[in-house]
Structure formats: structure tokens, C-alpha cells
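Take a look at the letters that make up each chain.
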Amino acid sequence: MNKIEWIIHTCNQWVWGWGTIVVLIVSGLWSWFQNRCVLFHPFLILRGMRKTLSGPKGRQARHDFYTALAGTLGVGSIAGAASAMALGGTGALFWLLLSSLLGMGLKYAETILACAYQKRKDDRWIGGAMILLGEVRNHPFLSVCFSLSCLLAAFGVGSMAPSGAICTSLQTIFPIQRWFAALLVVVFASLVLSGKGGRIQMVNAKIIPLISAMYILFCFYILIAYHERLPLAAAQVMQDAFCFSSFGGGVGGHMVNRAVHYGLTRGLFSHEAGMGSAPLAYASHSCKEPAEQGFLGMVEVFFDSFGITLLSALVLLCVSMGNAYVASDGTVWMQQCFRVVFGNTGGILFSVMMICFAFPTILGWYYYAGQCLQYLFSYKWIHYFYLLLYLCSLYAGGVLHTAVIWELSDTLNGCMLILNLCALWLFRKEMASLSALYRQKER
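Residues numbered from 1 in each chain as written. Predicted model: local features only at pLDDT ≥ 70, side-chain atom pairs only at ≥ 80, totals over all residues. Heavy atoms only, no water.

Asks: Report on the overall build of the protein chain, specifying residues and quantitative values.
Replies: From N to C terminus, the protein chain includes 20 helices and two strands. Put simply, the protein chain has 443 residues, and 57% of those count as buried. Here the analysis covers contacts within the protein chain between residues at least 6 apart in sequence; of these, 83% occur between residues at least 24 apart. When the accessible surface of the protein chain is summed, it comes to about 18100 Å², and 69% of that surface belongs to carbon and sulfur atoms. (Helix = DSSP H or I, 4+ residues; strand = E, 2+ residues; numbered from the N terminus. Buried < 20%, exposed > 50% of the residue type's maximum accessible area, 1.4 Å probe, protein only. Contact = heavy atoms within 4.5 Å. Areas by Shrake-Rupley, 256 points an atom, 1.4 Å probe, with all protein chains shown as cover.)

Asks: So, the packing of aromatic side chains: which residues are in play, and what are the values?
Replies: If you walk through the whole model with that rule in mind, you get 21 aromatic pairs. Ring geometry for Trp30 and Phe33: centres 5.5 Å apart, planes at 40°, overall tilted. Of this pair, Trp30 and Phe33 are both found in helix H2 (residues 18-34), three residues apart, which corresponds to roughly one turn of the helix. According to the relative accessible area criterion, Trp30 is partly exposed, its value standing at 30%. Judged by its relative accessible area of 43%, Phe33 is partly exposed. (Phe/Tyr/Trp six-rings, centres within 6.5 Å; stacked < 30°, edge-to-face > 60°.)

Asks: Requested: an account of unusual backbone geometry, with residues and values cited.
Replies: Of all residues except glycine, most have a negative phi; of all peptide bonds, most are trans. Notably, Asn138 is not glycine yet its phi reads approximately 60°, a positive angle. Within the fold, Asn138 resides in the loop between helix H8 (129-136) and helix H9 (140-173). When its relative accessible area of 58% is taken as the criterion, Asn138 is described as exposed.

Asks: Outline the pattern of salt bridges, listing residues and values.
Replies: Applying the stated criterion across every chain, the model contains four salt bridges. As a salt-bridge pair, Lys51 and Glu292 come within 3.3 Å of each other at their nearest N and O atoms. Note that Lys51 is positioned in helix H4 (residues 42-53) and Glu292 in helix H15 (residues 290-319), a separation of 241 residues in sequence. According to the relative accessible area criterion, Glu292 is buried, its value standing at 7%. The salt bridge partner of Lys441 is Glu289, with a shortest N-O separation of 3.0 Å. Remark: Glu289 occurs in the loop between helix H14 (279-282) and H15 and Lys441 occurs in helix H20 (residues 428-442); sequence separation between them is 152 residues. The class of Glu289 is buried, set by a relative accessible area of 17%. (Salt bridge = Lys/Arg side-chain N within 4 Å of Asp/Glu carboxyl O.)

Asks: How would you explain the side chain of Thr111 if you had to name every residue and give the values?
Replies: Relative to the helices and strands, Thr111 is located in helix H7 (residues 92-116). Of the polar contacts made by the side chain of Thr111, one reaches the backbone oxygen of Lys107; its length is 2.6 Å. Not counting residues within four places of it along the chain, the set of residues in contact with Thr111 comprises Pro279, Tyr282, Gln293 and Gly294. (Polar contact = N/O pair within 3.5 Å; in protein donor to acceptor, adjacent residues only side chain to side chain.)

Asks: Can you explain the packing of helix H5 (residues 58-72) against helix H17 (residues 344-376)? Please cite residues and give values.
Replies: Between H5 and H17, the shortest axis-to-axis distance is 7 Å and the interhelical angle comes to 115°. It follows from the interaxial angle that H5 and H17 lie roughly perpendicular. Where H5 crosses over H17, the handedness of that crossing is left-handed. Judged by residue contacts, Thr67, Ala68, Ala70 and Gly71 of H5 engage Pro360, Thr361, Gly364, Trp365, Tyr367 and Tyr368 from H17. Within the contact of H5 with H17, the residues separate by chemical class into six nonpolar, four polar and no charged. (Axes fitted to C-alpha atoms, helices over the stretch in contact; angles between N-to-C directions. Parallel < 35°, antiparallel > 145°, perpendicular 65-115°, else oblique. Left-handed = near helix turned anticlockwise from the far one by under 90°. Nonpolar A, V, L, I, M, F, W, Y, C, P; charged D, E, K, R; others polar.)

The following block contains the structure:
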């Protein structure tokens with residue numbers, strides 16, 4: 001196991017080197033600049049969202065939105081923020097939020113391109129980086145690499161990470177062995193995943209709005225109870241983000257390096273902007289106006305980062321301030337905070353909410369993988385074989401060590417990110433033209 005951990009850690013450091021981080025930042029800034037004709041007009045964005053979500057046809061748009069949101073909320077939003085601060089210091093929260101601001105521009109760019117160039121294959125609409133690279137730009141090798149990266153990334157961020165969080169939560173509620181908890185995850189997931197994509201979207205549309213509202217209400221209650229600690233927590237984040245009080249340039253540089261690295265990587269794990277995953281859901285049905293789907297992608301990042309993730313981080317900082325229980329496993333840390341406020345009932349309550357967050361993530365990422373499978377293969381037996389592998393990865397994620405899963409998920413996310421950014425840069429002119437055309441039409 002030590003050798004496997006070393007290999008995964010080495011690959012993660014290579015994929016998430018400073019080169020990747022710089023490209024991610026530049027791409028986010030460029031996306032905002034290229035689409036400034038619409039992204040800097042909030043009333044235009046709100047009007048476009050109202051148009052695409054209202055009416056009978058808006059039902060499918062809402063289902064696509066909840067499916068994309070299911071892939072971002074939960075483990076990435078809660079455990080991601082906690083793990084970033086545990087590994088990179090509280091200053092990692094600043095860089096995580098900065099990553100989210102850049103991610104809003106990236107999510108808009110990748111979504112509008114995926115919806116504008118979607119193709120119909122075997123009675124299903126498919127859109128994403130694989131269509132942009134393979135069908136439009138005629139780079140089949142890159143399109144296959146992106147599809148395979150998505151299929152592999154689904155095993156990490158989509159199955160093993162949320163499965164581990166669910167198993168930890170189940171053990172908190174019931175006195176069961178971890179292998180049995182992992183088996184329960186496999187059984188319930190198979191009941192939903194064995195159906196068609198419509199069943200996945202229907203389940204996500206039922207769970208996501210309800211559990212999100214519950215979690216936000218409980219977090220606000222905790223922050224009101226600890227409101228006197230909020231200014232100190234904010235000052236601590238800003239101080240650690242740039243290490244103003246660090247002694248010695250070496251110590252300060254090292255801490256800033258860790259804060260930036262884990263803040264940006266965990267931020268990507270949370271909102272997944274730039275990876276090209278959520279556009280697979282937005283482009284899975286016929287899109288009349290790609291820009292309005294891009295607005296939904298922006299709201300998805302905003303709600304995930306400045307709603308769930310920021311609230312989670314503030315709760316962690318306020319409740320655990322001055323205490324020693326800072327765990328690299330974010331779910332454990334957050335659960336301890338709920339216990340401090342609500343007692344033993346709080347631990348059970350958080351575990352239930354964590355299960356309701358993580359399970360839709362499993363469904364959403366399998367939906368993404370299904371789109372890539374549909375693009376690569378038409379044989380049904382390959383889809384069933386991948387489903388079997390996906391269920392096996394759920395069981396493996398439930399019994400493996402959490403740190404290994406996080407490292408592996410980061411590495412797979414990075415591979416998918418690099419290929420998707422290539423597609424965005426190849427289509428930067430088309431992206432700006434689509435935004436300008438929508439702006440002109442709305443005038």
C-alpha cells in the first residue's frame with residue numbers, strides 16, 4: 001500500500017504542478033475577458049435563466065441543472081473545503097474561493113461550446129470536449145483521450161470518494177462493519193443505475209433541492225450561534241493566505257505554496273469547472289440557446305462555492321477555533337463540529353445529510369460516464385461491463401484509505417482538466433462569437 005500511495009502522490013504532484021495551475025488561472029481570466037459582453041451584465045444573465053427554466057420545457061433544463069449540481073455538491077463541497085484547510089492551512093479557503101470565481105467563467109465557456117456543437121447519436125444528444133475535439137476539429141485521438149479520462153475520473157471523484165464518505169456516515173449511524181456499509185452502497189446504487197438516464201435525473205431532482213436547503217439552514221444556525229468568531233476567522237484566512245506573519249521567507253513561501261496548491265485543487269474538486277464534466281449533462285438534450293445553458297453552469301459554480309463550500313468552511317473555522325481536532329478527512333472534521341453544537345444528535349444529522357449529498361454524486365458521475373460511453377461505443381455489453389466496474393469501484397472506495405482516494409481523485413481530475421482546456425483554447429474565437437451573437441439577439 002505504501003508503494004501505491006507513493007506512485008499516486010508522485011503522479012498527483014506531476015499533474016498538478018505549477019504549470020497546470022498557471023494555465024488554469026489564465027484560462028479562467030481569459031474566459032471572463034472573451035465573454036465580457038454577457039458575463040458582466042447580471043440582469044441579462046438573470047433574464048436568460050428565467051427564460052430557460054420557466055414553462056414546460058424548463059423541466060428538462062432543471063433536471064439537467066440538478067444532475068450537474070449533483071456532481072459538484074456533497075463530498076467536494078464539504079469534505080473538499082475541510083481537506084484543503086487541513087492540508088494547506090486556513091489560507092487555502094481564500095484560494096479555493098478565487099478558484100471558484102475563475103471557475104464561473106470556465107463553466108460558462110465549456111457549457112456554451114458543448115451545447116452549441118452537440119451531436120445526435122443513437123437517439124441521444126451528446127455534447128462536450130470529445131465532440132469539439134473529435135467531430136469538429138478532427139482530432140480523434142484527443143477526443144478519445146478525454147472520454148477515457150472521464151471514464152477513469154468517474155471511478156475517483158464520482159464513485160470512490162463519495163462511497164467512502166457514505167460508509168463513514170453509515171458507521172456513525174449504525175454499528176456495522178465497513179465492508180457491509182460498502183455493500184449497502186453498491187446495492188442501492190445498482191437499483192438506480194440499472195435504469196435509464198431519466199431515472200438518475202429524476203432521483204437527483206428530488207434529493208438535491210431538499211437536502212441543500214436543510215444543510216444551508218443548519219449552517220446558518222451554527223454561524224448565528226458563533227457570530228462573534230466570524231471576524232477572527234476571516235482575518236485568519238486572509239493572514240494565512242499570504243502568510244503575513246510567517247517568520248522567514250522559506251517558511252512563508254512553503255505555506256503559501258501549500259495554500260495555493262490545495263486551495264485550487266480542492267476548489268476544482270468542489271465545482272469541477274474546467275474539467276468538462278457538467279457540460280455532458282447540459283448538452284444531453286436539445287439546446288435552443290447555448291448561452292442560457294452557460295448561465296446555469298455559472299450559477300451551479302456560484303451556489304456550490306459561495307453557498308455550500310463557504311458556509312461549510314466558516315462553520316469549521318468558527319466551531320473548531322482553538323481546538324485540536326483538525327482532520328484531513330473533511331467529513332470527520334465537519335461531523336465533530338455538528339456534535340459540538342447539537343450533541344450526539346448532530347453527528348447523526350450530519351451523517352444523514354452527507355449520505356443524501358454523496359449518493360447523487362455517484363449517480364451524476366455515472367451519467368457523465370454514460371455520455372462518454374455512448375460517444376465511444378454502441379455495444380450494449382460494454383455499458384453493462386462498465387456498470388459492473390463502477391459498482392466494484394464503489395465497494396473499493398468504501399473500504400480503502402481516504403487519503404489515497406483523495407490523491408487519486410486529484411490526479412484523474414487533472415488529466416481531464418488538461419484535455420478540456422485544450423478544447424477551450426481551440427474554440428476561443430467561436431466561444432466569443434456565440435456570446436456576442438446572444439448579446440446582439442437580446443438587444
